[in-house]
Amino acid sequence: MGVKGFVEGGIASIIAGCTTHPLDLIKVRMQLQGETHAPNPNAAVQSLRPALAFHTTSPGTIQLPRPAQPAAPPRLGPIAVGVRIVQQEGVPALFSGVSATVLRQTLYSTTRMGLYDIMKQKWTDPKTGNMPLVRKITAGLIAGGIGAAVGNPADVAMVRMQADGRLPPAQRRNYKSVIDAVSQMAKSEGITSLWRGSSLTVNRAMLVTASQLASYDQIKEMILEKRLMKDGLGTHVTASFAAGFVAAVASNPVDVIKTRVMNMKVEPGKEPPYAGALDCALKTVRSEGPMALYKGFIPTISRQGPFTIVLFVTLEQVRKLLKDF
């Protein structure tokens, strides 16, 4: 198919990304809950110390009561996070960073869908018309990795724009658009900041693409071979939702670490909150427990399910429209 596969995949990906953007934003906000270095509006009050110091070993010591440590904010579920965003930031905030989503889908998803389609055409068995599962997974890994490397700047911008509303007003980046975000990052943090967390992005994309595209094709073929359904909307929706679930389970731990590494604020002269992906993973597990790697799983599957359904249903329809071109 060549260019046609890229066009079809790009159109379907952009539509799917925009329609499920609010769910992705809620997922990002949930994944950032519980960070030990997260901004606290009461930090200034907590940092106050008595002007006089007294030796604790001297007789007649005056001991000042230490202020009670504030309780950790309660962990909110996806509905509560969504409601709070609307209440505090307004309904338009649910689409914060949507311009970055469009650019990300244009770069990342168009590349991965197009490359996967090319490899699928080359590696499909001409006798059966199917591609072995191992080759599907291999094609997904290759296509996802290349697509992620191309789209990483948009991915960083999207995460930051989605997370900006949770910061105190004085600390917000206030990017006007994805172009503004990319240009500001390049100027203030260097061009390499656009590929911050790229190893995680590539690993996640390889997992998502291999599990999502390979499982969709495999489940769709199985349904048709066993004649459980005809090749129509029902088959596409069923295979899509199953593929979305598989992709969510496989990618969520990497996604949590990726979100935190990309969102961390690096100030000149200070050490970054995380030294890298492994450091972020270790700190997350130590401070919040291993299940923190599946933080935001409900919105992830809530987003992956609809996203994958819209993606593949739209893709099948676009293919029908463009079959004569």
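To be clear, the structure that these remarks concern was listed above.
Note that the structure is predicted; figures quoted are calculated from it, not measured.

1. So, the packing of helix 2 (residues 21–31) against helix 11 (residues 297–321)
Contact geometry of helix 2 with helix 11 gives a least axis separation of 8 Å together with a crossing angle of 155°. One element, helix 2, and the other, helix 11, form an angle in the roughly antiparallel class. In the packing of helix 2 onto helix 11, the handedness of the crossing is left-handed. Contacts from Leu23, Asp24, Ile26, Lys27, Met30 and Gln31 in helix 2 reach Pro299, Thr300, Ser302, Arg303 and Pro306 in helix 11. Looking at the contact of helix 2 with helix 11 residue by residue, the classes come out as five nonpolar, three polar and three charged.

2. Quick notes on the nonpolar core
In this structure, Met113, Tyr116, Leu213, Tyr216, Leu311, Phe312 and Leu315 are the most contacted members of the largest nonpolar core, which totals 18 residues. Where this core is concerned, the elements lending two or more residues are helix 1 (3–19), helix 5 (98–123), helix 6 (133–163), helix 8 (198–225), helix 9 (233–263) and helix 11. Counting 12 residues, the second largest nonpolar core, distinct from the first, contains Ala100, Val156, Met161 and Ala181.

3. Quick word on unusual backbone geometry
In this structure, asparagine 174 takes a positive phi of about 55° despite not being glycine. What makes asparagine 174 partly exposed here is its relative accessible area of 49%. Even without glycine at this site, arginine 227 takes up a positive phi of about 55°. With respect to the element layout, arginine 227 can be found in the loop between helix 8 and helix 9. Note on arginine 227: relative accessible area 76%, which makes it exposed.

4. Describing the packing of helix 9 against helix 11
The N-to-C vectors of helix 9 and helix 11 enclose an angle of 140°; their axes lie 7 Å apart at closest approach. Taken as axis vectors, helix 9 and helix 11 run oblique relative to one another. As for how helix 9 packs across helix 11, the hand of that crossing is right-handed. Mapping the contact onto sequence places Leu233, His236, Val237, Ser240, Phe241, Ala243, Gly244, Phe245, Ala247, Ala248, Val249 and Asn252 in helix 9 and Phe297, Thr300, Ile301, Gln304, Gly305, Thr308, Ile309, Phe312, Val313 and Glu316 in helix 11. Considered class by class, the residues forming the contact of helix 9 with helix 11 number 13 nonpolar, eight polar and one charged.

5. So, helix 10 (residues 277–288)
For helix 10, which comprises 12 residues, the first-to-last C-alpha distance of 16 Å matches the rise-based estimate of 16 Å (1.5 Å per residue) to within 8%. For helix 10, every residue scored as buried is listed here: Cys280, Thr284 and Glu288. Down the axis of helix 10, the buried set is contained in an arc of 30°. They therefore lie on one face. In helix 10, the exposed residues that point more than 90 degrees away from the buried face are Leu278 and Arg286. Of the residues one or two after helix 10, glycine 289 is the one with positive phi, at around 95°.

6. As for the packing of aromatic side chains
As enumerated under the stated definition, the model contains two aromatic pairs in all. An angle of 5° between the planes, with centres 3.8 Å apart, marks the rings of tyrosine 216 and phenylalanine 312 as stacked. Here phenylalanine 312 lies in helix 11 and tyrosine 216 lies in helix 8, a separation of 96 residues in the sequence. In terms of burial, tyrosine 216 and phenylalanine 312 fall into one category: buried. With a centroid separation of 5.9 Å and 65° between ring planes, the pair formed by tyrosine 294 and phenylalanine 297 is classed as edge-to-face. On the accessibility criterion, tyrosine 294 (31% relative accessible area) is partly exposed.

7. Things to note about a nonpolar patch on the surface
On the surface, a nonpolar cluster with roughly 440 Å² of combined accessible area is contributed by Phe245, Val246, Val249, Met291 and Tyr294. Take phenylalanine 245: it is sitting in helix 9. According to the relative accessible area criterion, phenylalanine 245 is partly exposed, its value standing at 43%.

8. Regarding the side chain of glutamine 212
Along the polypeptide, glutamine 212 turns up in helix 8. A relative accessible area of 0% places glutamine 212 in the buried class. Of the polar contacts made by the side chain of glutamine 212, one reaches the side chain of threonine 308; its length is 3.3 Å. Other than its neighbours up to four places away in sequence, glutamine 212 contacts Arg112, Ala243, Ala247, Gln304, Phe307, Thr308, Leu311 and Phe312.

9. A few points about the pattern of salt bridges
Within this structure, the stated rule accounts for 17 salt bridges. Between glutamate 8 and arginine 319 there is a salt bridge whose closest N-O contact spans 3.8 Å. A residue pair is termed long-range when its members are at least 10 positions apart, and glutamate 8 in helix 1 and arginine 319 in helix 11 qualify at 311 residues. Overall, glutamate 8 belongs to the buried group, its relative accessible area being 1%. Overall, the relative accessible area of 25% leaves arginine 319 in the partly exposed class. With its nearest N and O atoms 2.9 Å apart, the salt bridge here joins lysine 27 to aspartate 24.

Calculation criteria
- Residues numbered from 1 in each chain as written.
- Predicted model: local features only at pLDDT ≥ 70, side-chain atom pairs only at ≥ 80, totals over all residues.
- Heavy atoms only, no water.
- Axes fitted to C-alpha atoms, helices over the stretch in contact; angles between N-to-C directions.
- Helix = DSSP H or I, 4+ residues; strand = E, 2+ residues; numbered from the N terminus.
- Parallel < 35°, antiparallel > 145°, perpendicular 65-115°, else oblique.
- Left-handed = near helix turned anticlockwise from the far one by under 90°.
- Contact = heavy atoms within 4.5 Å.
- Nonpolar A, V, L, I, M, F, W, Y, C, P; charged D, E, K, R; others polar.
- Core = buried A, V, L, I, M, F, W, Y, C linked by side-chain atoms within 4.5 Å.
- Buried < 20%, exposed > 50% of the residue type's maximum accessible area, 1.4 Å probe, protein only.
- Expected span 1.5 Å × (residues − 1).
- Arc of directions from axis to C-beta.
- Phe/Tyr/Trp six-rings, centres within 6.5 Å; stacked < 30°, edge-to-face > 60°.
- Patch = residues over 30% accessible without salt bridge, like charges linked within 9 Å, V, L, I, M, F, W, Y side chains within 5 Å.
- Areas by Shrake-Rupley, 256 points an atom, 1.4 Å probe, with all protein chains shown as cover.
- Salt bridge = Lys/Arg side-chain N within 4 Å of Asp/Glu carboxyl O.
- Polar contact = N/O pair within 3.5 Å; in protein donor to acceptor, adjacent residues only side chain to side chain.

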